[in-house]
Amino acid sequence: MKDMMQVSSNPHVRSRVTTSMIMYSVVFALLPATIFGIFQFGWYAALIVAVTTGTAVLTEHLFCLIQKKPSTVKDGSAIVTGLLLGLNLPPHIPVWIAIFGSVFAIVVVKLLFGGLGQNFMNPALGARCFLVISFAKYMTNFDCDAFTGPTPLALIKDGQPVNVFNMVLGRTGGTIGETSVIAIVLGACFLIWLGVIDLRIPGTYILTFAIFVVIFGNNGLVPYLTGSSSSFFNLTYLCSQLAGGGLMLGAFFMATDYTTRPITRKGQYIYGILLGILTGLFRVYGPSAEGVSYAIILGNLVVPLIEKFTMPKAFGKGGERR
Amino acid sequence: MKSAFERLYNGIIKENPTFVLMLGMCPTLAVTTSAFNGLGMGLSTMVVLALSNLLISALRKVIPDKVRIPAYIVIVASLVTVVGLLMEAYLPGMYASLGIYIDLIVVNCIILGRAESFASKNKMWPSLFDGIGMGLGFTLALTLIGMVREFFGSASIFGLTGPKVYGTTVPILLVELVNKVFNPASSSGVVRGLNEFFAGEFGSFSPIGILVMAPGAFFVLAILTAIQNAIKAAGEAKGKDMSKIQSGCSSDCLHCAESGCAKRLVEPEKVTKKADDETTKVVESKETENNGKGEE
């Protein structure tokens, strides 16, 4: 009887899932892509990933010390940010750029806006775009021991042939973690199985992008109708666009970032469609071959608007008045 | 003469338009991509500011109160046209790099602000020096910001190009230092690897390109505001009056003068009361006007 009289404030139902559990599961899911990247690009890639991760954790800890607040390193979000940034860098980038990017991601994009859950864009992608704009020479140079010359996406943009099988496998040039579709999808499946992410955003994102490419891309419907292409559908082109660049890594690991995606279901579909269209626009009509990172951070910026328009109505509100 | 020096000190240090009053942010952010641009913008603004202050102060008893803003703008615009044409003739390079921002001096809030708050209430002599002081303060601020952005963004200062500043000399020195520590002729693979690694690292120093682009301006502004807030907080902790130092937001909605602020949480009673009084006054005056018309 005594137990039944207790009064407590909500929440009454608690989940055992914690922030750090989610973060470490993401780290675990990223491991296949990381290991593949290191296996492919050598020890220097391992150094870059270790440096970005280490710097991110250290920076967050030091910033909390300076602010005289309890350190937030233990939730693991800094590790995810650092690891994602490392996977988004070319394999032979100077270490000081990697450190710089990591500090920027943690301090400017994440902690200055209030830390975990408050950042307005994905820290890793924000830092990546900052680095691409600042150090274009190093950030767009994907030459390494194993692969030289342009990335598959750049080849497609020039209309040159690519080997789709190698792209799916990951035996191509690119950033450390983006090359292998198989490794990324493996990690993503693990996350989906755990329930950490679902297919709503990645599914709509990739589907919209595929439709966009089929309609507007080279060998697509629009070039066919205007007469600049002889065929109206090219499976190789579509597959290489889907497998190339950071699309898979971005769709599964960065567009689904809890903080910077819409909360509402309807909003998540809109977000995915928006990302797909933006990526298609950047890749097909933009000057550079890749557009995933810009598409996602632009998408992040309109998330508050999407949420505003898809906010579900509270019970008893919004109906017709009689 | 004493008042002149006081005005200069006030404009450059005490009420520096950029660092303290936070006025004229548009040119501050837009043209400070290099130290020379900042200097040119600051000096042209100073000329306009000094002369407009002088003229407005001279005409302060002639200009009717109700049309003072258009009258000021006519004066400022004529001066800006003169400065712009002179610049186009004698400094075409500078004119090209500053572009539209020369014409935009017309609506620079420092100029209208000083006209409204100082020149229209004071004699010509102090007004002239107030303009010069404010202009020098603005020039100083723009040149400093331009120098910082130019140094980090394009590795030069006042156009002195990269290698002399930090483009190669520093990296070369560091590389040689590393070479001395890790002997490049060593037979050990590890030592040679380390040597190559550090030489590659230090040799690859390059400027942060984003700082000379638009986002860089906002980074600089954010840092500037942060420094101001720190100074303000430190001063207030010591009990000094820091009300002169403006900043982005002190989160003090109750005493904030910006009544149109979107984040406003509290409507200060005093202000609304005052506004109410004013509106009633306006209504009254209109009524009296109407009455007058009716009588006619």
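Placed above this text is the structure.
I will try to describe carefully the structure that is included in this document. (Residues numbered from 1 in each chain as written. Chains lettered and ligands numbered in written order. Predicted model: local features only at pLDDT ≥ 70, side-chain atom pairs only at ≥ 80, totals over all residues. Heavy atoms only, no water.)

### Comments concerning the interface of chain B and chain A
At the junction of the two partners, chain B supplies 11 residues and chain A supplies 13 residues. Regarding the contact of chain B and chain A, the summed buried area is about 1,000 Å², with carbon and sulfur atoms giving 71% of it. Between the two partners, chain B and chain A, sit 0 salt bridges. Remark: the boundary between chain B and chain A carries 2 residue pairs in polar contact (both at pLDDT 80 or more). (Contact = heavy atoms within 4.5 Å. Buried area = accessible area lost by both parts, 1.4 Å probe. Salt bridge = Lys/Arg side-chain N within 4 Å of Asp/Glu carboxyl O. Polar contact = N/O pair within 3.5 Å; in protein donor to acceptor, adjacent residues only side chain to side chain.)

### Topic: a nonpolar patch on the surface
A cluster of nonpolar side chains, namely A:Phe216, A:Leu221, A:Val222, A:Tyr224, A:Leu225, A:Phe232, A:Phe233, A:Leu235, A:Ile273, A:Ile277, A:Leu281 and A:Tyr285, defines an oily patch on the protein surface of about 1,100 Å² accessible area. Note on placement: A:Leu281 falls in helix 14 (residues 265–285). (Patch = residues over 30% accessible without salt bridge, like charges linked within 9 Å, V, L, I, M, F, W, Y side chains within 5 Å. Areas by Shrake-Rupley, 256 points an atom, 1.4 Å probe, with all protein chains shown as cover. Helix = DSSP H or I, 4+ residues; strand = E, 2+ residues; numbered from the N terminus.)

### Focus: the packing of aromatic side chains
Within this structure, the stated rule accounts for 17 aromatic pairs over all chains. Between A:Phe216 and A:Tyr285 the ring centres are 6.5 Å apart and the planes differ by 65 degrees, which places this aromatic pair in the edge-to-face class. You can see A:Phe216 sitting in helix 10 (residues 200–216) and its partner A:Tyr285 sitting in helix 14, a full 69 residues away along the chain. Three or more aromatic residues joined by ring pairs form one cluster here, namely A:Trp96, A:Phe100, A:Phe104, A:Phe130, A:Phe135 and B:Phe219. (Phe/Tyr/Trp six-rings, centres within 6.5 Å; stacked < 30°, edge-to-face > 60°.)

### What about unusual backbone geometry?
Residue and element names in this part refer to chain A. In this chain, Asn10 is followed by Pro11 through a cis amide linkage whose omega measures 0 degrees. In this fold, Pro11 is placed in the segment before helix 1 (19–41). Positioned with a positive phi, Lys68 is a non-glycine residue whose angle comes to about 60 degrees. Its relative accessible area of 77% is what places Lys68 among the exposed residues. (Buried < 20%, exposed > 50% of the residue type's maximum accessible area, 1.4 Å probe, protein only.)

### A closer look at the pattern of salt bridges
All names here are of chain B. Taken as a whole and assessed by the stated rule, the structure comprises 9 salt bridges over all chains. Taking the shortest distance from any N to any O, the salt bridge between Asp130 and Arg7 comes out at 2.7 Å. On the criterion of sequence distance, the pair formed by Asp130 in helix 8 (residues 124–154) and Arg7 in helix 1 (residues 2–14) is long-range, its members being 123 residues apart. Look at Arg7 and you get buried, because its relative accessible area is 11%. Residues Glu15 and Arg114 are paired through a salt bridge, measuring 3.8 Å at the closest nitrogen-oxygen approach.

### So, the side chain of B:Ser127
All names here are of chain B. With respect to the helices, strands and loops of the structure, Ser127 is situated in helix 8. A distance of 3.4 Å separates the side chain of Ser127 from the side chain of Ser57, its partner in a polar contact. A polar side-chain atom of Ser127 sits 2.8 Å from the main-chain carbonyl oxygen of Lys123. With sequence-adjacent residues up to four places away left out, Ser127 is seen in contact with Asn53, Ser57, Phe118, Ala119 and Asn122.

These figures capture arrangement, not role.
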